[in-house]
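Fold and geometry: a report
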Amino acid sequence: AVEATDYAFNRNDVVKGTVVQYDNGGCIVDIGAKASAFLPTAEASLIMNQGDDIEDLINVDEERNFQIISEEDENGQLLVSVRRIQYREAWDTVIAKNAEDGVFEATVVGVNRGGAICLVDGLRAFLPGSHLTGQLPTEDLIGQTLPLKFLEVNQEANKLVVSNRRAVVEEQMSDLSRGDIITGIVKALKPYGAFVEVGGMSGLLHISQISYDRIDDLEKVLQPGTQVKCMIIDHDKVNGRIALSTKTLEPEPGDMLRDPKRVFEMAEETAARYHERMEAERKAREEAAKDIVLGLGDSLDDLTSSSDDDSEGSDPLADVSDNLDSLLS
């Protein structure tokens, strides 16, 4: 048992106590006061499964910290809580995770019309349906563990919002590089190009990157729902955006307009040739730059040599000095 102390036993104080016995709807806790404290089952743990009893949540003779959540009743008894201590600790953990901005996992415990509810370190977080990747917020989602990232963390408002799409995009983006060939589905057409879905990401296939030939009517080349192969020509890993190209995959300029099937079938082969050409051009630029630098070096040497030759002759100020001497003499 906890030895009697001079605790003030104010509401919200955290004190050490020992579970003495189970009682109706909770358990008796010795905190060293003149009367034992009572821990209701609802305050025994932050995480409780349906049907859990007090015996499932805390053990007799267990010593731990408890938070006082009431004033003394007429018998001098206090109500205490474990859940509220765990709640604060959970928020501390969540705030630290949010500062790291990393990907974490959480289990879906419920769904509603707007999305899903996930349990993050014991706290309930809302996952909007628009931030789910590859599935809808149906009952089938309950029990699944999903990779997530935080969208909003507000302890004062007791508000947590998470995104599955952002986590998936970040994981996929870490594996993507410029020049990679990816397969996606055309989701929408705009006057300036097509949006292609690649996993949970949306990539822009700009109209200028579809073919080397001019495109007058984009709908004659691509339609929503069409599967395409594209080359990644740029990416923004922070915001999960990628820029795509099919013209770099054309075996012959204009093939995307005449025979897109051939473009996709030969994508890897054409991409390999494209990379070889780009590498050759890079090396040529490096050689040209090197030649320019070497040429400048030779020119500087010539100028230095010429200057040295002049200095080895007569002093250019000697005549001036002689004339001054004659005038002064």
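Residues numbered from 1 in each chain as written. Predicted model: local features only at pLDDT ≥ 70, side-chain atom pairs only at ≥ 80, totals over all residues. Heavy atoms only, no water.

**What to know about the side chain of Ser81**
Keep this limit in mind: Starting at the N terminus, helices and strands are each numbered in turn, a helix being any DSSP run of H or I of at least four residues and a strand any DSSP run of E of at least two. Classification of residues uses two cut-offs on accessible area relative to the type maximum, computed with a 1.4 Å probe and protein chains only: under 20% is buried, over 50% is exposed, and between them is partly exposed. By definition in these notes, contact holds between two residues if any of their heavy atoms fall within 4.5 Å.
Within the secondary structure, Ser81 is located in strand S5 (residues 80–81). By relative accessible area, Ser81 is classed as buried at 0%. Aside from chain neighbours lying at most four places away, what touches Ser81 is Leu39, Glu43, Phe66, Gln67 and Ile69.

**Details of the confidence of the model for the chain**
We apply this condition: Residue-level confidence of the predictor, termed pLDDT, takes values from 0 up to 100.
Per-residue pLDDT for the chain averages 85, and the proportion of residues at 70 or more is 86%. Taken element by element, the predicted model of the chain shows its lowest mean pLDDT in helix H7 (residues 318–328) (47) and its highest in strand S8 (residues 123–128) (96).

**Section: unusual backbone geometry**
Within the chain, Asp121 stands out as a residue other than glycine whose phi angle is a positive 55 degrees. Overall, Asp121 belongs to the partly exposed group, its relative accessible area being 34%.

**Regarding the pattern of salt bridges**
Where we set the bar: One speaks of a salt bridge when a side-chain nitrogen belonging to Lys or Arg is within 4 Å of a carboxyl oxygen belonging to Asp or Glu.
Applying the stated rule across the entire model yields 18 salt bridges. Residue Arg11 is joined to Glu71 by a salt bridge in which the shortest nitrogen-to-oxygen separation is 3.7 Å. Note that Arg11 is positioned in the segment before strand S1 (14–23) and Glu71 in the loop between strand S4 (63–68) and S5, a separation of 60 residues in sequence. A salt bridge links Glu62 to Arg64, with the nearest nitrogen and oxygen atoms 3.2 Å apart.

**A closer look at the nonpolar core**
Rules: Residue types Ala, Val, Leu, Ile, Met, Phe, Trp, Tyr and Cys, when buried and joined through side-chain atoms within 4.5 Å, form a set referred to as a nonpolar core.
Ranked by internal contacts, the top residues of the largest apolar core, which has 28 residues, are Ile210, Leu222 and Leu244. Per-element tally for this core: the top contributor is strand S14 (residues 227–236), with 4 residues. Those residues in contact with Leu222 that sit more than four places away from it in its chain are Val186, Leu189, Ala194, Leu205, Ile210, Val228 and Met256. In this structure, Phe104, Ala116, Leu141 and Leu148 belong to the second largest nonpolar core, which totals 20 residues.

**Looking at the sheet that holds S5**
The following threshold applies: Two strands pair if DSSP finds at least two bridges between them. Whenever a helix is involved, its axis is fitted only over the stretch in contact; in every case the axis is a line through C-alpha atoms, and angles between N-to-C directions fall within 0 to 180 degrees.
Pairing in this open sheet of 5 strands is antiparallel, and the strands run S3-S2-S1-S4-S5 from one edge to the other. Taken across any chain shown, the strands that pair with only one partner, and hence form the sheet edges, are strand S3 (37–40) and S5. Against the sheet, helix H2 (residues 83–100) contacts S1, S4 and S5, and its axis sits at roughly 90 degrees relative to S4.

**Considerations on H2**
We apply this condition: To estimate the expected span of a helix, subtract one from its residue number and multiply by 1.5 Å.
Between the first and last C-alpha of H2 there are 26 Å, a value that for 18 residues agrees with the 26 Å anticipated at 1.5 Å per step. The complete set of buried residues in H2 reads Ile85, Ala90, Trp91 and Val94. Just beyond H2, the residue with positive phi is Asp101, at close to 55 degrees.

**Quick notes on helix H3 (residues 164–174)**
Among all positions of H3, only Asn164, Ala167, Val168, Val169 and Met173 are buried. On the buried face of H3, the contacting elements are S8, strand S9 (145–154), strand S10 (159–163), strand S13 (201–206), S14 and strand S15 (241–245).

**Some remarks on the packing of aromatic side chains**
Threshold: Planes of paired rings set the category: under 30 degrees apart is stacked, over 60 is edge-to-face and the rest tilted, where pairs are Phe, Tyr or Trp rings (Trp by its six-membered ring) whose centres lie within 6.5 Å.
Per the counting criterion, the structure on display carries 3 aromatic pairs. Relative to Phe150, the ring of Phe104 lies with its centre 4.5 Å away and its plane at 35 degrees, an arrangement referred to as tilted. Of this pair, Phe104 sits in strand S6 (residues 104–112) while Phe150 sits in strand S9, and the two are 46 residues apart along the sequence. Among the residues examined, Phe104 registers a relative accessible area of 8% and is labelled buried.

**Considering the sheet that holds S15**
Reading around the circumference, S11-S12-S13-S15-S14 is the order of the 5 strands in this closed barrel, with mixed pairing throughout. Pairwise comparison of adjacent strand axes, ignoring direction, gives a mean angle of 50 degrees for this sheet. Strands strand S12 (193–198), S13, S14 and S15 of the sheet are contacted by H3, whose axis makes an angle of about 60 degrees with S13.

**Quick notes on the pairing of S9**
With 4 bridges joining them, S6 and S9 adopt antiparallel strand pairing. If you follow Thr107 over to S9, its bridge partner there is Thr145. Here S9 pairs with S10 via 5 bridges, running antiparallel. Across the sheet, Lys149 pairs through a bridge with Ser163, a residue of S10. Counting the residues between successive antiparallel strands, the hairpin from S9 to S10 contains 4 residues, one of them, Asn158, with a positive phi of roughly 50 degrees.

**Some details on the side chain of Gln209**
Formally: Throughout this description, a polar contact denotes any pair of N or O atoms lying within 3.5 Å of each other; where both atoms belong to protein, one of them has to be capable of donating a hydrogen while the other can accept it, and for residues adjacent in sequence the pair is counted only when both atoms sit in side chains.
Summarising the element assignment, Gln209 is placed in the loop between S13 and S14. A distance of 2.8 Å separates polar atoms of two side chains, one belonging to Gln209 and the other to Ser245. Among residues more than four places away in sequence, those in contact with Gln209 are Ile233, Leu244, Ser245, Thr246 and Lys247.

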